[in-house]
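Architecture and fold: a report
Here are the chains, one letter per residue:
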Amino acid sequence: MTTEPTAPSLPREPLGHPHLRRLVVGQGLAAVVDALFLIWLTLFVLDLSGPGMATGFVLVAVALPRAALLLPAGVLVDRLGAARVVAGAAWLRAAVLLALGALVTFTSPSVTAVALLAGLLGAADAAYFPAALALLPAVVPTEKLPQVNALVQGVESGGDLVGPAVAAGVIAAVGFDATLGGITAVAALAALALSTLIRVVRRGEGARDGAGPDANDEERFSSVRALGAGLRYAWRQPLVRGMLAAIGLINIAVVGPVLVGGAVLADQRLGGAGSLGVVLSGFGAGSLAGSLTAGWRPPARRGWTVAGGVAAIGAGMAGLAAVTHVVAATAVVSLIGLGSGFLGVVVVATLQERVPEQLLGRVLSLVVLATVAFDPFSYVVAGVLLPYGTTTLFLVCGSAVLACAGLVAASPAIRSLR
């Protein structure tokens, strides 16, 4: 099985080596593309078809292949190597965006045509996300994983914070065609930067491949067996199982209630639906602060800080039940973002350090799946609880996350993390 070599020793500074700079620039630009394109796609479909089901149809066309292909993509990462999959997925993104740009510029596209190309982007995302996470340990020294994860996730949080306003402003100034052209150019730059890393992680592979048969060599012949091996490992390891369960529960209890319940809360208590954008910007700011804090001040007792991060999210959710002013709501949502950003860096860095190299792509694909696959269930939870009022919605969801924090603290595998 082809795997990435262990990262060499590099300078003390997080970006003290050109390989690290190209990694952060490439993944950072890719995150900017994600943030800008989602807003572009939403506004373009609204302009194309008007308000209605079309926008939801196109967004589902992106989400379904992304969720469905994540686990097979994890197998692909472990077989081909993270660097190759990252580069291939990044170039596929750029090519699909270029095709979409040509379609938009030279034709009058139908919603179906846009949805099909958007679905290809979802498939590229399925390969890119676990591969991007698995690439870091192949390039970054182990002791620098928290810092580099913080940089990459900080850029993602920054994109979520300013991306909607930037995308909407650029579209208003230069139109949909030129904006998509700019997004495509950024995607190509990201792919170019990430492609240069293939040579970095290829070094040493020849010697390793000739050293002897891999213990899991039979998995080459069955993707199903390879996927099963990854699932069994994740289930049998209390640390991995506990972290995946916590991520999944937080996703169910937070995403839908904050977006759906937050819109109702803004309309009923915070002065109108327009205040929702201000409140959600607090989440982006908190997430950015949490990511950078986890990277630059790595916790000495990771287990307890993981439990504390989950508790911060739960406290923030419960706190939304009592807010009556937009400033208070923004501060509370910032706490949720702070916990989320902090956990994102600590959990990912921990798994990158501890999961065996030959299983890393599959385990990280489960992490990505846990963050995106439960969104529909989260919206269902919000829909079921909203008729009882936003106070009930946020108290129930906050209590569930706080209970999860208690279970995390009670887990010896997580609590003993250093």
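Here the structure is a predicted model, which means the values were calculated and not measured.

Here we look at the overall build of the protein chain
Counting secondary structure elements, the protein chain contains 16 helices and 0 strands. In the protein chain, which comprises 418 residues, the share counted as buried stands at 52%. Sequence-distant contacts in the protein chain: of pairs separated by 6 or more residues, those separated by 24 or more amount to 86%. By element, 69% of the accessible surface of the protein chain is carried by carbon and sulfur atoms, the whole surface being about 17400 Å².

So, the pattern of salt bridges
For the structure on display, the rule yields 4 salt bridges. In this structure, Asp125 and Arg66 form a salt bridge, with 3.6 Å as the shortest nitrogen-oxygen distance. Of this pair, Asp125 sits in helix H4 (residues 111-139) while Arg66 sits in helix H2 (residues 53-80), and the two are 59 residues apart along the sequence. Take Asp125: its relative accessible area is 7%, and that puts it in the buried class. The class for Arg66 is partly exposed, based on a relative accessible area of 22%. With its nearest N and O atoms 2.7 Å apart, the salt bridge here joins Asp125 to Arg93. Of this pair, Asp125 sits in helix H4 while Arg93 sits in helix H3 (residues 82-106), placing them 32 residues apart in sequence. A single network of salt bridges, built from pairs that share partners, joins Asp34, Arg66, Arg93 and Asp125.

Describing the environment of Ala187
Relative to the elements of secondary structure, Ala187 occurs in helix H5 (residues 145-195). For Ala187, a relative accessible area of 6% gives the class buried.

So, the packing of aromatic side chains
Scanning the model with the defined rule gives 5 aromatic pairs in all. When the centroid spacing of 4.8 Å and the interplanar angle of 10° are considered together, the rings of Trp40 and Phe44 count as stacked. Remark: Phe44 and Trp40 occur in helix H1 (residues 18-49); sequence separation between them is 4 residues, near one turn of the helix. On the basis of relative accessible area, Phe44 is assigned to the buried category, the value being 6%.

Some details on the packing of helix H9 (residues 238-269) against helix H10 (residues 275-296)
Their axes nearest at 9 Å, the elements H9 and H10 cross at an angle of 135°. By the criterion of interaxial angle, the relationship of H9 to H10 is oblique. Every pair of crossing elements has a handedness; the one defined by H9 and H10 is right-handed. Across the interface between the two elements, Val258, Leu259, Gly262, Ala263 and Ala266 from H9 touch Ser275, Leu276 and Leu280 from H10.

Remarks on the side chain of Ser195
Locating Ser195 in the fold gives a position in helix H5. Ignoring any residue separated from it by four or fewer positions in sequence, one finds Ser195 in contact with Ala87 and Trp91.

Observations concerning the packing of H3 against H4
Relative orientation of the contacting elements H3 and H4 amounts to 160°, with a least axis distance of 8 Å. One element, H3, and the other, H4, form an angle in the roughly antiparallel class. In this structure, the crossing between H3 and H4 has a hand that is left-handed. Its residues assigned to classes, the contact of H3 with H4 shows 24 nonpolar, no polar and 2 charged.

Description of the environment of Phe342
For Phe342, the location among the structural elements is in helix H12 (residues 326-354). The buried category is assigned to Phe342, whose relative accessible area is 17%. C-alpha separation for the pair Phe342 and Ala289, spaced 53 residues apart in sequence, amounts to 8.0 Å.

Here's the deal with the side chain of Gln27
Relative to the helices and strands, Gln27 resides in helix H1. A polar side-chain atom of Gln27 sits 3.1 Å from the main-chain carbonyl oxygen of Ala132. With near-sequence residues (within four places) excluded, Gln27 lies in contact with Tyr128, Ala132, Leu135, Leu136, Val152 and Leu194.

Brief notes about the environment of Ala245
Within the fold, Ala245 resides in helix H9. Its relative accessible area of 49% is what places Ala245 among the partly exposed residues.

Thoughts on the confidence of the model for the protein chain
For the protein chain, the average pLDDT comes to 82, and 87% of its residues sit at 70 or higher. When pLDDT is averaged over each helix and strand of the protein chain, the minimum, 41, is found for helix H7 (residues 205-209) and the maximum, 93, for H3. Ignoring residues within four places in sequence, the model shows residues 1-12, a span with pLDDT below 50, making 50 contacts including any to other chains. Predicted confidence is poor over residues 203-219, with pLDDT under 50, and the contacts of this stretch with residues over four places away or in other chains come to 20 contacts.

Section: helix H15 (residues 390-410)
Given 3.6 residues per turn, any residue in an α-helix points the same way as the ones three and four places further on. Look at H15: 30 Å from first C-alpha to last across 21 residues, which is about the 30 Å you get at 1.5 Å a residue. For H15, the complete set of buried residues consists of Thr390, Leu393, Phe394, Cys397, Gly398, Val401, Cys404, Ala405, Val408 and Ala409. Considered in projection along H15, the buried side chains sweep an arc of 140° and stay on one side of the axis. In this structure, the buried side of H15 is in contact with H9, helix H11 (302-319), helix H14 (375-385) and helix H16 (412-415).

Rules behind the numbers
Residues numbered from 1 in each chain as written. Predicted model: local features only at pLDDT ≥ 70, side-chain atom pairs only at ≥ 80, totals over all residues. Heavy atoms only, no water. Helix = DSSP H or I, 4+ residues; strand = E, 2+ residues; numbered from the N terminus. Buried < 20%, exposed > 50% of the residue type's maximum accessible area, 1.4 Å probe, protein only. Contact = heavy atoms within 4.5 Å. Areas by Shrake-Rupley, 256 points an atom, 1.4 Å probe, with all protein chains shown as cover. Salt bridge = Lys/Arg side-chain N within 4 Å of Asp/Glu carboxyl O. Phe/Tyr/Trp six-rings, centres within 6.5 Å; stacked < 30°, edge-to-face > 60°. Axes fitted to C-alpha atoms, helices over the stretch in contact; angles between N-to-C directions. Parallel < 35°, antiparallel > 145°, perpendicular 65-115°, else oblique. Left-handed = near helix turned anticlockwise from the far one by under 90°. Nonpolar A, V, L, I, M, F, W, Y, C, P; charged D, E, K, R; others polar. Polar contact = N/O pair within 3.5 Å; in protein donor to acceptor, adjacent residues only side chain to side chain. pLDDT = per-residue confidence, 0-100. Expected span 1.5 Å × (residues − 1). Arc of directions from axis to C-beta.

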